[in-house]
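Chain residues, written in single-letter form:
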Amino acid sequence: MKKSQALIKTIVLAMLVAIGVVISPILRVEGMCPMAHVINIICSVFLGPWYSLLCATLIGIIRMITMSIPPIALTGAVFGAFLSGVFYRMSKGKIIFAVLGEIIGTGIIGAIMSYPVMTYIWGREGLSWLFYVPSFICGTLIGGGIAYVLLKKLAVNGMLSKFQSMLGTKSYKSESGVLSNAITIASTGTICFVAIQILINTFKPETMTWSYISYGIIAAFIVSALIYLIVKKLKKEDINAE
């Protein structure tokens, strides 16, 4: 049984590495690779922190070799991948903590560590310790939003725990609360934003209208999530008061 699970883990790891390499160019600019963060978080939840670290390392190396990506392909992935898995385990299966681990690991730690690597090893000039922080955080928020919605959907219908059991990793009971639903609403806006940006990059419209629409949509989803959260909290307070 253990040999079978080890083989399945290796196959899933290989699939995630392949998918990560293929989808990494989507929305990528130097210092921001949202799709890599999607894979990091999914791998952390499916396989755990060590497999996620290995996955991020392999994807980074392959991208550096085949796509001529600078070393931030590694510094902008490995810390977040590992912390995502650690936070997920420490929180006993809360997906939002897996996303938070990716944001802290990549958006802050990885971004800061990218400065000496890019300056002293890669020879890039004009950088500072916080140069990559804004773009790294932006990338993790986009990728984290997409991963959160996908994993939350799997958790709600029971598929996530089945996948984890099949892989021999620890599974946790899914609990859907008000805050969780609000985050899902906001994350859905992130997915819509990404979809529109992909269409813009593909068809390259002459006007900025669609770009403004994408920002309007993500803002609308975030506002909707806040309204949902406030309304639910007020209703709960009214029920408790009665």
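Conventions used here
Residue positions are given per chain, counting from 1 as you read along its sequence in written order. Note on the predicted model: pLDDT of at least 70 is required for a residue's local features to be given, and 80 or more for side-chain atom pairs to be given and counted; whole-chain, interface and lining totals, by contrast, use all residues. Neither water nor hydrogens contribute to the side-chain values; these are computed over all heavy atoms in the structure. By the criteria applied, helices consist of DSSP H or I runs no shorter than four residues and strands consist of E runs no shorter than two, each listed in order from the N terminus. Radius of gyration: over C-alpha atoms. The globule rule applied is 2.2 Å multiplied by the number of residues raised to the 0.38 power. Relative accessibility decides the category of a residue: with a 1.4 Å probe and only protein chains considered, values under 20% of the type maximum give buried, values over 50% give exposed, and everything between is partly exposed. In plain words, nonpolar cores are sets of buried Ala, Val, Leu, Ile, Met, Phe, Trp, Tyr and Cys residues tied together by side-chain atoms within 4.5 Å. Throughout, a contact is declared for two residues whenever any of their heavy atoms are within 4.5 Å. The length a helix should cover is 1.5 Å for every residue beyond the first. Here a pair means two rings of Phe, Tyr or Trp (six-membered ring of Trp) with centres within 6.5 Å. Their orientation is stacked below 30 degrees between planes, edge-to-face above 60, and tilted elsewhere. In this context, the arc is that of the directions from the helix axis out to the C-beta atoms. All axes are obtained by fitting lines to C-alpha atoms, using only the stretch in contact for helices, and the reported angles, taken between N-to-C directions, cover 0 to 180 degrees. Roughly parallel here means an angle under 35 degrees, roughly antiparallel means over 145, roughly perpendicular means 65 to 115, and every remaining angle is called oblique. Here a crossing is taken to be left-handed if its near helix is turned anticlockwise relative to the far helix by less than a right angle, and right-handed if that turn runs clockwise. Residues are grouped as follows: Ala, Val, Leu, Ile, Met, Phe, Trp, Tyr, Cys and Pro are nonpolar; Asp, Glu, Lys and Arg are charged; all remaining types, including Gly, are polar.

**Re the overall build of the protein**
Counting secondary structure elements, the protein contains 10 helices and 0 strands. When the elements of the protein are put in sequence order from the N terminus, they spell out α-α-α-α-α-α-α-α-α-α. Taken over C-alpha atoms, the radius of gyration comes to 19 Å for the protein, in line with the 18 Å a tight globule of 242 residues would show. Principal-axis analysis of the C-alpha atoms places the extent of the protein at approximately 65 × 55 × 35 Å. For the protein, with 242 residues in total, the buried portion stands at 43%.

**Brief notes about the nonpolar core**
Ranked by internal contacts, the top residues of the largest apolar core, which has 34 residues, are L16, F46, L47, C55, L151 and L160. Counting only elements with at least two residues in this core, the list comes to α1 (2-23), α2 (34-47), α3 (49-67), α6 (95-121), α7 (133-156), α8 (159-167) and α9 (178-203). Ranked by residues supplied to this core, first place goes to α2 with 9 residues. Sequence-distant contacts of F46, defined by excluding residues within four places in its chain, comprise L151, L154, L160, F163, Q164, L167 and T169. Listed in part, the 8 residues of the second largest apolar core include A111, L127, V133 and F136.

**Some remarks on α2**
Think of an α-helix as 3.6 residues a turn; residues three or four steps apart then line up on the same face. Taking 1.5 Å per residue, 14 residues should reach 20 Å; α2 reaches 20 Å between its end C-alpha atoms and fits that length. Summarising burial for α2: 14 of the 14 residues are buried, a large majority. Once α2 ends, the next one or two residues include G48, with phi positive near 105 degrees.

**A word on the packing of aromatic side chains**
In this structure the tally under the stated criterion is 7 aromatic pairs. Measuring from ring centre to ring centre gives 6.2 Å for Y115 and Y120, while their planes differ by 75 degrees; the resulting arrangement is edge-to-face. Residue classification places Y115 among the buried residues on the basis of a relative accessible area of 12%. Among the aromatic side chains, those forming a connected cluster through ring pairs are Y115, Y120 and W129.

**Observations concerning the environment of I227**
Residue placement: I227 occurs in helix α10 (residues 209-241). Separated by 42 residues in sequence, I227 and I185 have C-alpha atoms that sit 11 Å apart.

**Brief notes about α8**
Within the span of α8, buried status applies to L160, Q164 and L167. Viewed along the axis of α8, the buried residues span an arc of 65 degrees, placing them on a single side of the element. Of the residues trailing α8, G168 is marked for its positive phi of about 80 degrees.

**With respect to the packing of α3 against helix α5 (residues 78-90)**
Axis separation between α3 and α5 bottoms out at 8 Å; the angle between their running directions is 165 degrees. One way to sum up the angle between α3 and α5 is to call them roughly antiparallel. Two packed elements cross with a definite hand, and for α3 against α5 that hand is right-handed. Residues P49, W50, S52, L53, A56 and T57 of α3 lie in contact with α5, whose contacting residues are V78, A81, F82, G85, V86 and R89. Of the residues in the contact of α3 with α5, the class split is 8 nonpolar, 3 polar and 1 charged.

**Remarks on unusual backbone geometry**
Its identity as a non-glycine residue notwithstanding, S68 has a phi of 60 degrees, on the positive side. Structurally, S68 is set in the loop between α3 and α4 (72-75). Exposure remark for S68: the relative accessible area of 62% places this residue in the exposed category. Positive phi is not limited to glycine here, since K92 has a value of about 60 degrees. Along the chain, K92 turns up in the loop between α5 and α6. Residue K92 is classed as exposed on the basis of its relative accessible area, which comes to 63%.

**Quick notes on the packing of α2 against α6**
Where α2 meets α6, the axes come as close as 10 Å, and the angle between the chain directions of the two elements is 130 degrees. With respect to α6, the axis of α2 lies oblique. For the pair α2 and α6, the crossing hand works out as right-handed. On α6, the residues touching H37, N40, I41 and V45 of α2 are A98, V99, E102 and T106.

Just distances and angles here, no functional claims.
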